[in-house]
Amino acid sequence: MSTGITETLFNAQTMMDTCQETLIAFGYDALDQLSAHIMLKEYQTILLVMGGESVHRCGAFHAFLQSPLFGKLDLNMPRFENVPPEPDTDCVRRIVACLDTEKPDAVIAVGGGSVMDAAKAAYLSWQTGMDIDRLFGREAATSAFPGRTFRRILAVPTTAGTGSEVTCYANIIDAGTGVKKLIADPAIIPELAAVEPMFTVSAPQNLTRVTAFDALVHAVESLLNFRGCEAHPAVVQWALQATRMIVSALPKVLRVPEDQEERAELSAAATLAGMAIRFSPTSLPHLLSFSFCGKAPHGAAVAALLPHFWKFYLREEPVRKQTMLLSGVFPGSTPEEVIGSYEKWIESCGGTVHPGELTGTGTEWIDKLAEDAAQNPVKLESAPRKIRADECRTVFHDVLDHVWTK
Ligand SMILES: [Fe+2]
């Protein structure tokens with residue numbers, strides 16, 4: 001870190017240092033730390049998995065190659081480029097074919113959540129020989145190969161939002177059905193995350209906004225998941241810290257995109273929120289957001305869905321208590337007022353809390369949300385207020401009909 005580190009960032013980094021499964025290298029020397037790690041592990045052939053033009057625009061690739069330590073390494077570095085936003089199973093299979101050809105010692109994913117997710121899924125598919133279709137769900141590979149240790153990717157995030165650099169999740173679209181599916185397996189938690197906030201400075205305003213919304217909703221959903229917080233008490237501090245940082249930094253970054261200090265806060269917050277959902281997962285807002293794929297950015301969808309399911313969860317007393325932990329960030333003397341403050345804040349940042357405005361559809365579309373969500377009973381049953389698959393249609397209409405549009 002630079003000598004100008006703020007107390008907030010210092011606290012955040014102290015929390016990141018406690019991440020046990022991923023080594024987090026944060027700040028201006030993140031790539032040097034990544035290079036040192038590669039040297040230590042004696043990796044020789046490294047497959048770089050990258051997105052499209054944005055990787056070059058943000059300077060990540062250039063910085064990566066120019067990193068002083070990296071220049072001393074004599075590496076073979078084949079590339080798989082142009083991973084699209086919302087990668088599908090065919091894209092993952094193409095990366096697997098590339099892995100088969102190159103047989104690398106390590107994989108580095110440089111990009112946003114889509115790139116990291118595709119690389120995580122492909123690396124596991126290649127090592128297990130399991131087609132991507134068989135990896136969906138909870139711990140498919142870990143269960144199929146008990147006791148086996150898998151190699152995990154090295155992640156260089158270029159957006160501040162997904163937290164994929166520290167999570168056991170990968171979202172991939174089923175090319176056959178067009179449905180977004182989830183892999184949740186500790187075998188894909190990145191080995192190292194090199195988080196350099198400077199890579200996010202060139203992000204367009206809307207990308208900055210929706211990725212920050214995504215990270216914020218990760219933090220809030222993990223906090224509302226009171227069972228997850230009970231099982232892993234550290235989640236509460238990570239989620240609160242991430243929420244505070246995003247609510248403070250995002251409005252400033254939207255005004256002054258090149259503000260490095262505030263960009264650093266957003267990057268740190270996104271990683272902390274990723275740590276939080278690793279142990280205290282998201283539920284209904286994220287589950288329903290899968291159906292918004294292709295219609296609205298993921299972060300915009302979860303931000304719009306959150307307040308309505310948050311109110312639905314309030315019928316559970318522990319959720320009311322967890323909500324009041326956020327009253328310092330979203331002012332309010334009751335949980336309902338805290339949620340009202342959240343809604344005002346989202347709108348003040350240019351977002352919406354009316355999901356129908358994102359899809360351009362009427363409330364009949366809620367039937368599709370229910371149909372899609374019913375296919376994921378695990379996520380329904382793990383929600384702070386549990387619902388059954390056969391209740392989705394009624395509950396979703398009750399929750400969303402009156403707020404679907406303004
Ligand atoms: Fe998300």
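As the structure is a computational prediction, the values presented were derived from the model and not from experiment.

Asks: When you look at empty space enclosed by the protein in this model, what are you seeing that I'm missing?
Replies: Empty space among the atoms becomes apparent when a probe as large as a water molecule is rolled across them. Across all of its chains, the model carries 5 cavities of 30 Å³ or more by this definition. Each pocket or cavity is described by its volume, and for the largest cavity that value is around 60 Å³. Lining the largest cavity we find Thr 159, Ala 160, Thr 200, Ala 203, Thr 208, Thr 211, Arg 263 and Leu 266. Going through the elements one at a time, α9 (205-224) and α12 (260-279) are the ones with two or more residues in the lining of the largest cavity. For the lining of the largest cavity, a count of residues per class yields 3 nonpolar, 4 polar and 1 charged.

Asks: Is there a simple way to think about the pairing of strand β9 (residues 192-195) in this case?
Replies: For a regular strand, the rule is simple: side chains alternate between the two faces of the sheet. Residues of β9 alternate between two faces, with Leu 192 and Ala 194 on one and Ala 193 and Val 195 on the opposite face, all of them buried. As paired strands, strand β1 (residues 23-26) and β9 are joined by 4 bridges and run parallel to one another. What sits directly across from Ile 24, in β9, is Ala 193.

Asks: Got a minute to help me understand unusual backbone geometry in this structure?
Replies: With the exception of glycine, most residues fall at negative phi, and the peptide bonds are largely trans. The backbone phi angle of Asn 82 is positive, close to 65°, even though this residue is not glycine. Mapped onto the fold, Asn 82 is located in the loop between β3 (79-80) and α6 (89-102). The exposure class assigned to Asn 82 is exposed, which follows from its relative accessible area of 56%. The backbone of Lys 103 sits at a positive phi, close to 45°, despite the residue not being glycine.

Asks: Hey, could you run me through the coordination of the iron ion in this one?
Replies: Working reference: metal with six octahedral donors, ideal angles 90 or 180 degrees; metal with four tetrahedral donors, ideal angle 109.5 degrees. Looking at the metal site, the iron ion is ligated by Asp 214 (OD), His 218 (NE2), His 286 (NE2) and His 298 (NE2), spaced 2.1 to 2.2 Å from it. Written as a sequence motif, the donor arrangement for the iron ion is D-x3-H-x67-H-x11-H. Separated by 4 residues within a single helix, Asp 214 and His 218 lie in helix α9, roughly one turn from each other. We note that Asp 214, like His 218, is buried.

Asks: How should I be thinking about the domain arrangement of the protein in this particular structure?
Replies: Size of an interface, as often reported, equals the accessible area lost when the parts are brought together. Taken as a whole, the protein is organised into domain 1 (7-198) and domain 2 (204-403). One C-alpha centre belongs to domain 1, the other to domain 2, and the line joining them spans 25 Å. Counting residues at the interface gives 33 residues for domain 1 and 31 residues for domain 2. Carbon and sulfur atoms supply 68% of the area that domain 1 and domain 2 bury against each other, a total of about 2700 Å² over both sides. When the shortest N-O distance is used, the salt bridge between Glu 21 and Arg 278 registers 2.7 Å. Going through the elements one at a time, α1 (7-16), β1, β7 (169-173) and β8 (180-184) are the ones with two or more residues in the side of domain 1 that touches domain 2. No other element matches the 6 residues that α1 contributes to the side of domain 1 that touches domain 2. Along the lines of polarity and charge, the residues of the side of domain 1 that touches domain 2 split into 18 nonpolar, 9 polar and 6 charged.

Asks: When you look at the layout of surface pockets in this model, what are you seeing that I'm missing?
Replies: The calculated volume of the second largest pocket comes to roughly 690 Å³. Lining the second largest pocket are 33 residues, with Leu 182, Leu 287, Phe 290, Asn 376 and Lys 379 positioned closest to its centre. Those elements giving two or more residues to the lining of the second largest pocket turn out to be β5 (137-138), β8, α10 (226-231), α13 (284-289), α18 (366-373) and α19 (377-381). Considering only residue class, the lining of the second largest pocket consists of 14 nonpolar, 10 polar and 9 charged. Both domains that furnish three or more residues to the lining of the second largest pocket are identified here as domain 1 (7-198) and domain 2 (204-403).

Asks: Could you clarify how one ought to interpret the sheet that holds β1 in this entry?
Replies: Within a sheet, each strand pairs with its neighbour through backbone hydrogen bonds, oriented either parallel or antiparallel. On the basis of which strands lie adjacent, the open sheet formed by 6 strands has the order β1-β9-β6-β4-β2-β3 and parallel pairing. Edge strands, defined here as strands with exactly one partner in the open sheet, are β1 and β3. Of the strands in this sheet, β2 (46-50), β4 (106-111) and β6 (154-157) touch helix α7 (residues 113-128), which is tilted by about 160° from β4.

Asks: What should I look at first to understand the environment of Met 245 in this one?
Replies: Relative to the helices and strands, Met 245 is located in helix α11 (residues 234-255). Along the backbone, Met 245 and Leu 266 are 21 residues apart, and their C-alpha atoms lie at a distance of 6.6 Å. Not counting residues within four places of it along the chain, the set of residues in contact with Met 245 comprises Thr 8, Leu 9, Ala 12, Glu 265, Ala 268, Ala 269 and Leu 272.

Asks: What is the right way to read the packing of α9 against α12 from this model?
Replies: For any two helices packed against each other, one specifies the crossing angle of their axes together with the interaxial distance. Across the interface, α9 lies against α12 with an axial gap of 8 Å and an inter-helix angle of 40°. The pairing of α9 with α12 is recorded here as oblique in orientation. In the crossing of α9 with α12, the sense of the turn from one axis to the other is left-handed. Contact residues: α9 offers Thr 208, Ala 212, Ala 215, His 218, Ala 219 and Ser 222, while α12 offers Arg 263, Leu 266, Ala 270, Ala 273, Ala 276 and Ile 277. By residue class, the composition of the contact of α9 with α12 is 8 nonpolar, 3 polar and 1 charged.

Asks: Explanation requested: the pairing of β6 in the structure shown.
Replies: Burial along β6 is two-sided: Leu 154 and Val 156 and Ala 155 and Pro 157, pointing in opposite directions, are all buried. When β4 meets β6, the two strands line up parallel, connected through 4 bridges. Paired with Val 110 across the two strands is Val 156, which belongs to β6. The sheet contact formed by β6 and β9 spans 2 bridges and is parallel. Bridge assignment links Leu 154 to a residue of β9, and that residue is Leu 192.

About the criteria used
- Residues numbered from 1 in each chain as written.
- Predicted model: local features only at pLDDT ≥ 70, side-chain atom pairs only at ≥ 80, totals over all residues.
- Heavy atoms only, no water.
- 1 Å grid on protein atoms, 1.4 Å probe; cavity = no way out; pocket = protein on both sides within 12 Å on 5 of 7 lines; lining within 4 Å.
- Points joined across faces, edges and corners; volume = space filled by probe spheres on them.
- Helix = DSSP H or I, 4+ residues; strand = E, 2+ residues; numbered from the N terminus.
- Nonpolar A, V, L, I, M, F, W, Y, C, P; charged D, E, K, R; others polar.
- Buried < 20%, exposed > 50% of the residue type's maximum accessible area, 1.4 Å probe, protein only.
- Pairing = 2+ DSSP bridges.
- Donors = N, O, S within 2.8 Å, 3.2 Å for Na, K, Ca; no water.
- Domains from an automatic or database assignment.
- Contact = heavy atoms within 4.5 Å.
- Buried area = accessible area lost by both parts, 1.4 Å probe.
- Salt bridge = Lys/Arg side-chain N within 4 Å of Asp/Glu carboxyl O.
- Axes fitted to C-alpha atoms, helices over the stretch in contact; angles between N-to-C directions.
- Parallel < 35°, antiparallel > 145°, perpendicular 65-115°, else oblique.
- Left-handed = near helix turned anticlockwise from the far one by under 90°.

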